[in-house]
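Each chain is listed here by its residues.
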Amino acid sequence: MSDHDAIRALIGKSCLTLDDSDFESYLALCAPAYSYCVRVWSPELRKDMIWLEHDRDGMAGVFEALPEHLQRSGRLSRLATVATIEAIGTDQFDVVSKFVVHHTDVEGRTQTLAVGRYNDRVVRIDGVVLLSEREVALETRDLGIGLHVPL
Amino acid sequence: MVARDQSSWDKMPDMPAGHFVSGLVYTDPDIYRDESNKVFSKVWHFACHESEVPDKFDYRVFVLNGQSLFAIHGEDGVIRTFLNVCSHRGAKLLDQPSGNARSITCFYHRWAYNSQGSCTGIPRASGYDDVKKEAVGLREVRTECLHGLIFITLDDGASSLAQFIGPALDRFSDMLTGQPLEVFHYNQAVLECNWKAWHETNMDLYHEFMHVVLRQTQVNAMPMEDRKLIVFDGGHGGSGGDLKAAYDGYDGFAGRGGDVPPLPGMSATDFRFINLFPSTAIISRGTVVRIDTVTPIGPDKALLEMRGLGVKGEPVEHRRIRQKHHNQYWGPFGRNVPEDMVAAESCADSFRNQAGRYQIIARDEKMAGQDDAILRAFYSEWGRRVGRDPGAPVK
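Residues numbered from 1 in each chain as written. Chains lettered and ligands numbered in written order. Predicted model: local features only at pLDDT ≥ 70, side-chain atom pairs only at ≥ 80, totals over all residues. Heavy atoms only, no water.

1. Describing the packing of aromatic side chains
Move 1: One pass over the full model with this rule turns up 20 aromatic pairs over all chains.
Move 2: Three or more aromatic residues joined by ring pairs make a cluster, and in this case those are F40, W195, F277, F378, Y379 and W382 of chain B.
Move 3: The ring of Y118 of chain A has R134 of chain A lying over it, and the distance from NZ or CZ to the ring centre is 3.8 Å.
Move 4: In this arrangement the basic side chain of R60 of chain B is found over the ring face of Y186 of chain B, its NZ or CZ atom lying 4.8 Å from the centre. (Phe/Tyr/Trp six-rings, centres within 6.5 Å; stacked < 30°, edge-to-face > 60°. Lys NZ or Arg CZ within 6 Å of the ring centre and 35° of its normal.)

This is the structure:
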């Protein structure tokens, strides 16, 4: 499999595993030094905002706590399209993907919840490509009743 | 009989007046119109924080009672508010939520206004015989600032902001003014519920049990009887003394507060809140402040605006930690606020078609613990202003 194919599969799996609440498999896609943040531009404040920020352990803690929390019912579906892959040396890549997240409620009605970009840093460790950094650059700023689950 | 038949379900609760609220207050269109005319057209309403318009000509657009308005930092240093409407044909003047405008020029026919609301330019004015610039200024709305909070009222004859709020913000003055604050977080959400259903989540301590994060950090952090609540004339109410949080109780929150200086007058584990009638809540968790305002859009729809504030000019690392503290509870991915939204919409769903008939606000813990006194004070003021009994608002 080419680097580009492997990276596309990695981005796709990151969506599928979160959609399926298979958090163990999601974390298996992440490098030990993984960092995750949701960044949003505020036209009201005219500055960037951070809405969520975790390292790998922090993400694991979020996932572990999820079953105890009150969440919006239904399912999320993340669809990402890789737009660019830029090699940084031999074992690092900057990857930009456009994504859309749909929410399907328990009656089966689907609505668009969010759109934005994944700005990912991907690294190759022992021949396997892994997510090293993910910045979720959200364009959507009204998430309705909110989320506990990272996008 | 344990379960109830329809007549029992419909019957007014056998409780003292003020201890229950009819579900019609959330759904009835006539009540909604009364709220618009008798509450939101009359009260002082939180518009924004002064840090959102720090420099001359900075403006901030917002909505109240369905009307677009903007607050602008004038050339003379005074912050004023105007309807966001051109005097000429009614076009909206400012279409961005914030910005800086030395001159406010309508896109439609290029009529221009200054930061004091005067009309300063009418293209080809010679074509008008009976239009004078002096007579076509913007509609100014009364604006006052207290502790950095900018309030406006649509009622030209309203009493002063100080009279409206009374002493309700006194316990917040050190925190809000001891160091300059600034807004670092803003988000909004349109909720499928009546505006009061949201605001109740801020006034109702009893629902702490809904949140796992509060069950683990707050419910047992201090004896319930030591919690002091307070209500004020005008329907305001909040914590009378500081409540405590034990952040070590929740995984990932351990050490919270030891890593950044608390806000003036607070310790890192203090929790203080005030609800200002009708629809603003100010909540501080030691190191960070949240201000939320809910604005009606319709009987069954409300705009929620959430702000997070930290210390202006603080080191980047402190700001990052304060953001984290804010987001842990109150961010769109937080452990607390998204759950409140679920609750507000869930109740609305029951009352929408009168499946739910009444809600009970009868907890009496002598102004301690999880007393419903703040809710009762709110509905007492609501009833006074709207001219309806919250328990039987429709005859």
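2. What to know about the side chain of R134 of chain A
All names here are of chain A.
Move 1: Residue placement: R134 occurs in strand β6 (residues 128–138).
Move 2: Of note is the side chain of R134, whose polar atom sits 3.1 Å from the side chain of S14.
Move 3: Setting aside residues no more than four positions away along its own chain, R134 makes contact with I11, S14, Y26, Y34, S35, Y36, C37, Y118, N119 and D120. (Helix = DSSP H or I, 4+ residues; strand = E, 2+ residues; numbered from the N terminus. Polar contact = N/O pair within 3.5 Å; in protein donor to acceptor, adjacent residues only side chain to side chain. Contact = heavy atoms within 4.5 Å.)

3. Structural notes on helix α2 (residues 29–40) of chain B
Residue and element names in this part refer to chain B.
Move 1: Three or more residues of α2 are buried, namely I31, Y32, D34, E35, S36, V39 and F40.
Move 2: Structurally, α2 contributes buried residues whose contacts are with β3 (58–64), α5 (195–203), β18 (289–298) and α9 (373–386).
Move 3: Sitting at the amino-terminal end of α2 is D28, which places a side-chain oxygen 2.9 Å from the backbone nitrogen of D30. (Buried < 20%, exposed > 50% of the residue type's maximum accessible area, 1.4 Å probe, protein only.)

4. Let's talk about the state of the cysteines
Residue and element names in this part refer to chain A.
Move 1: Enumeration over the complete set of coordinates arrives at zero disulfides over all chains.
Move 2: Counting only cysteine sulfurs, C30 is the nearest neighbor of C15, a cysteine outside any disulfide, at a range of 12 Å.
Move 3: Unpaired in terms of disulfides, C37 finds its nearest cysteine sulfur in C30, a separation of 14 Å. (Disulfide = S-S within 2.5 Å.)

5. Let's talk about unusual backbone geometry
Move 1: The omega angle of the peptide bond from F277 of chain B to P278 of chain B is 0°, so this bond is cis rather than trans.
Move 2: One non-glycine residue, D126 of chain A, adopts positive backbone phi at about 55°.
Move 3: One can find D126 of chain A in the loop between β5 (110–125) and β6.

6. Digging into the packing of α5 of chain B against helix α8 (residues 337–352) of chain B
Any two packed helices are characterised by how steeply their axes cross, that is the angle between the axes, and by the distance between the axes.
Residues and elements named next belong to chain B.
Move 1: Running from amino to carboxyl end, α5 crosses α8 at an angle of 130°, the nearest separation of the two axes being 9 Å. Between α5 and α8, the angle falls in the class oblique. Both α5 and α8 take part in a crossing whose hand is right-handed. Judged by residue contacts, A197, W198 and T201 of α5 engage V337, D340, M341 and A344 from α8.
Move 2: Partitioned by chemical class, the residues of the contact of α5 with α8 number five nonpolar, one polar and one charged. (Axes fitted to C-alpha atoms, helices over the stretch in contact; angles between N-to-C directions. Parallel < 35°, antiparallel > 145°, perpendicular 65-115°, else oblique. Left-handed = near helix turned anticlockwise from the far one by under 90°. Nonpolar A, V, L, I, M, F, W, Y, C, P; charged D, E, K, R; others polar.)

7. Examining the interface of chain B and chain A
Move 1: Each side of the interface is counted separately: chain B has 35 residues, and chain A has 30 residues.
Move 2: Interface area for chain B against chain A, summed over the two sides, is near 2700 Å², with a carbon-plus-sulfur share of 54%.
Move 3: Together, Y186, F333 and R335 of chain B form the three largest contributors to the area buried by chain B at its contact with chain A, with a combined 26%.
Move 4: For R46 of chain A, the salt bridge is made with D58 of chain B, and the minimal N-O distance between the two is 3.8 Å. (Buried area = accessible area lost by both parts, 1.4 Å probe. Salt bridge = Lys/Arg side-chain N within 4 Å of Asp/Glu carboxyl O.)

8. Section: the pattern of salt bridges
Close approach of charged atoms allows side chains with opposite charge to pair.
Move 1: Using the criterion set out here, one finds 41 salt bridges over all chains in the structure.
Move 2: Residue K98 of chain A is joined to E139 of chain A by a salt bridge in which the shortest nitrogen-to-oxygen separation is 3.9 Å. Placement of K98 of chain A in strand β4 (residues 92–104) and of E139 of chain A in the segment after β6 is noted, with a sequence separation of 41 residues between them.
Move 3: One salt bridge in this structure joins R142 of chain B and E144 of chain B, with 3.8 Å as the shortest N-O distance.
Move 4: Note on E144 of chain B: relative accessible area 27%, which makes it partly exposed.

Structural measurements only, silent on function.
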